[in-house]
Amino acid sequence: MRLIRAADYTDMSMKAAGIIAAMLTIKPGCVLGLATGETPLGLYRRLVDSCNHGEVDFSQAKAFNLDEYRGLEPGAEQSYRFFMWKNLFSKINIRTENLYIPDGMAGDPEAECSRYEAAIAGCGGIDLQLLGIGNNGHIGFNEPGDSFAVDTHLVDLSESTIDANSRFFGDREEVPKQAYTMGVGSIMRARKALLIVSGRQKAGIVRRAFFGGVSPDVPASILQLHSDFTLIGDEAALSFI
Ligand code: PGA
């Protein structure tokens, strides 16, 4: 694991954007795995700026989203498809045919999971997977449990994740109870993994995930076994290390 200490959220975003920009430079047709949540917003703003200034070029890149709620229309403001479109895809020169997000409205969840895994494999696998970490140690929607779920699958969201994500919905009751997520295997198969984390509220889980044992109880801990894993944390998130 490579640990990069950032001074604050802005610095974390800048350092992560630098890594993604470098990947696009050395491999313009790279396959990026992307994440939603508040943490990557600063990074996405930087990538948009760099793209607008002609410093990065997404025209040959492909992007796979880590996860998507089940049961939300793609146009719904809380869907991850909408999030990615609003915060990144509509503002950069990536081609719409190169965007992949699980279909939250798919009628057959099992077929949708297989289709998604096949699409990742069909593109040659993910070059760089961007990740955040949930307060409970989840990556994507791989929630704490008794075992690691390997491939893309449908999950029942934990109460703590529903609580954490209710801030994006009018009412806790509106938060979907299920979501599609890449599995830990899909994530671990990425050639590089980059996790960004900011804020003191994540300091405890950062210590458990990356400086404790590897256990499905803390899904992010599996990244300790990844051969090319970079963790960028700001001082607050790394304050217990
Ligand atoms: P956050 O979410 O970036 O909004 O904190 C991270 C996550 O739940 O994976």
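1. Remarks on the packing of aromatic side chains
Consideration 1: One pass over the structure, following the stated rule, counts seven aromatic pairs.
Consideration 2: Ring geometry for Phe64 versus Tyr100: centroids 4.2 Å apart, planes at 10 degrees, classification stacked. With Phe64 in strand E3 (residues 62–65) and Tyr100 in strand E5 (residues 99–100), this residue pair connects regions lying 36 residues apart in the sequence.
Consideration 3: Here Phe64 falls in the buried class, since its relative accessible area comes to 0%.
Consideration 4: Measuring from centroid to centroid gives 5.4 Å for Phe210 and Phe229, while their planes differ by 45 degrees, and the two rings are tilted.

2. Focus: the pattern of salt bridges
Pairing between side chains becomes possible if they bear opposite charge and their charged atoms approach one another.
Consideration 1: This structure, assessed with the given rule, holds 12 salt bridges.
Consideration 2: A salt bridge links Asp228 to Arg2; the nearest nitrogen and oxygen atoms lie 3.7 Å apart. Within this pair, whereas Asp228 is found in the loop between helix H7 (203–211) and strand E10 (229–234), its partner Arg2 is found in strand E1 (residues 2–6), the two being separated by 226 residues in sequence.
Consideration 3: Residue class for Arg2 comes out partly exposed when judged on its relative accessible area of 46%.
Consideration 4: Between Arg189 and Glu117 there is a salt bridge, with its nearest N and O atoms 3.1 Å apart. Pair noted here: Arg189 is in the loop between helix H6 (184–188) and strand E9 (192–197) and Glu117 is in helix H4 (residues 109–122), with a separation of 72 residues, a long-range link.
Consideration 5: A cluster of three or more residues bridged by salt bridges with shared partners is formed by Arg2, Lys192 and Asp228.

3. What to know about a nonpolar patch on the surface
Consideration 1: Together, Met1, Leu3, Phe211 and Ile241 make up an exposed nonpolar region whose accessible area comes to about 330 Å².
Consideration 2: Relative to the assigned elements, Phe211 resides in helix H7.

4. Focus on H4
Consideration 1: Here H4 spans 20 Å end to end across 14 residues, near enough to the 20 Å set by a 1.5 Å rise per residue.
Consideration 2: Turning to H4, its buried residues number three or more, namely Pro109, Glu112, Cys113, Tyr116, Glu117, Ala119 and Ile120. Around the axis of H4, the buried residues are gathered within 155 degrees of arc, so they sit on the same side. Structural note: H4 exposes Glu110, Ala121 and Gly122 on the side pointing more than 90 degrees away from its buried face.
Consideration 3: Close packing links the buried residues of H4 with E3, E5, strand E7 (153–156), strand E8 (178–181) and H6.

5. Comments concerning the site of the ligand
Consideration 1: Close to the ligand lie Gly37, Glu38, Thr39, Gly132, Ile133, Gly134, His138, Arg167 and Lys202, which account for all nearby residues.
Consideration 2: Here an oxygen atom of the ligand sits 2.9 Å away from a polar atom, N or O, in the main chain of Glu38.
Consideration 3: A distance of 2.4 Å separates an oxygen atom of the ligand from a polar atom in the side chain of Thr39.
Consideration 4: Protein coverage of the free-state accessible area of the ligand, which is 280 Å², stands at 81%.
Consideration 5: The cavity that encloses the ligand is the largest pocket.
Consideration 6: Residues of the shell around the ligand, tallied by class, amount to one nonpolar, five polar and three charged.

Analysis parameters
Throughout, a residue's number is its position along its own chain's written sequence, starting from 1. Local features are withheld for residues below a pLDDT of 70 in this predicted model, meaning they are given only at 70 or higher, and side-chain atom pairs are given and counted only at 80 or more; totals for whole chains, interfaces and linings count all residues. Excluded from the side-chain calculation are hydrogens and water; included are all heavy atoms of the structure. Stacked, tilted and edge-to-face are the three classes applied to pairs of Phe, Tyr and Trp rings, where Trp contributes its six-membered ring and a pair requires centres within 6.5 Å; stacked means planes under 30 degrees apart, edge-to-face means over 60, and tilted covers the rest. Here a strand is any run of E in DSSP of at least two residues, a helix any run of H or I of at least four, and the numbering for each starts at the N terminus. Relative accessible area decides the class of each residue, using a 1.4 Å probe on protein chains only: under 20% of the type maximum gives buried, over 50% gives exposed, and in between gives partly exposed. The rule for a salt bridge is simple: a side-chain nitrogen of Lys or Arg has to be within 4 Å of a carboxyl oxygen of Asp or Glu. Only residues above 30% relative accessible area that lack a salt bridge enter a patch, with like-charged residues linked at up to 9 Å and the nonpolar side chains Val, Leu, Ile, Met, Phe, Trp and Tyr linked at up to 5 Å. Per-residue accessibility takes into account occlusion by the displayed protein chains alone, with areas from the Shrake-Rupley method and a 1.4 Å probe. One less than the residue count of a helix, multiplied by 1.5 Å, gives the span that helix is expected to have. Within this analysis, the arc is defined by the directions that extend from the helix axis to the C-beta atoms. In this description, contact between two residues means that some pair of their heavy atoms is separated by no more than 4.5 Å. Each residue is tested against the molecule or strand, and it is near if at least one of its non-hydrogen atoms lies within 4 Å. Residues adjacent in sequence count toward polar contacts only when both atoms are side-chain atoms; beyond that, a polar contact is any pair of N or O atoms within 3.5 Å, and within protein one must be able to donate a hydrogen and the other to accept it. Detection works on a 1 Å grid of protein atoms alone, calling trapped sets that fit a 1.4 Å probe cavities and calling open sets with protein on both sides within 12 Å along at least five of seven lines pockets, with lining residues defined by an atom within 4 Å of a point. Cavity and pocket membership follows a simple rule, namely that a molecule belongs there if more than half of its atoms are within 2 Å of the grid points. Polar here means any residue other than Ala, Val, Leu, Ile, Met, Phe, Trp, Tyr, Cys and Pro, which are nonpolar, and Asp, Glu, Lys and Arg, which are charged; Gly is therefore polar.

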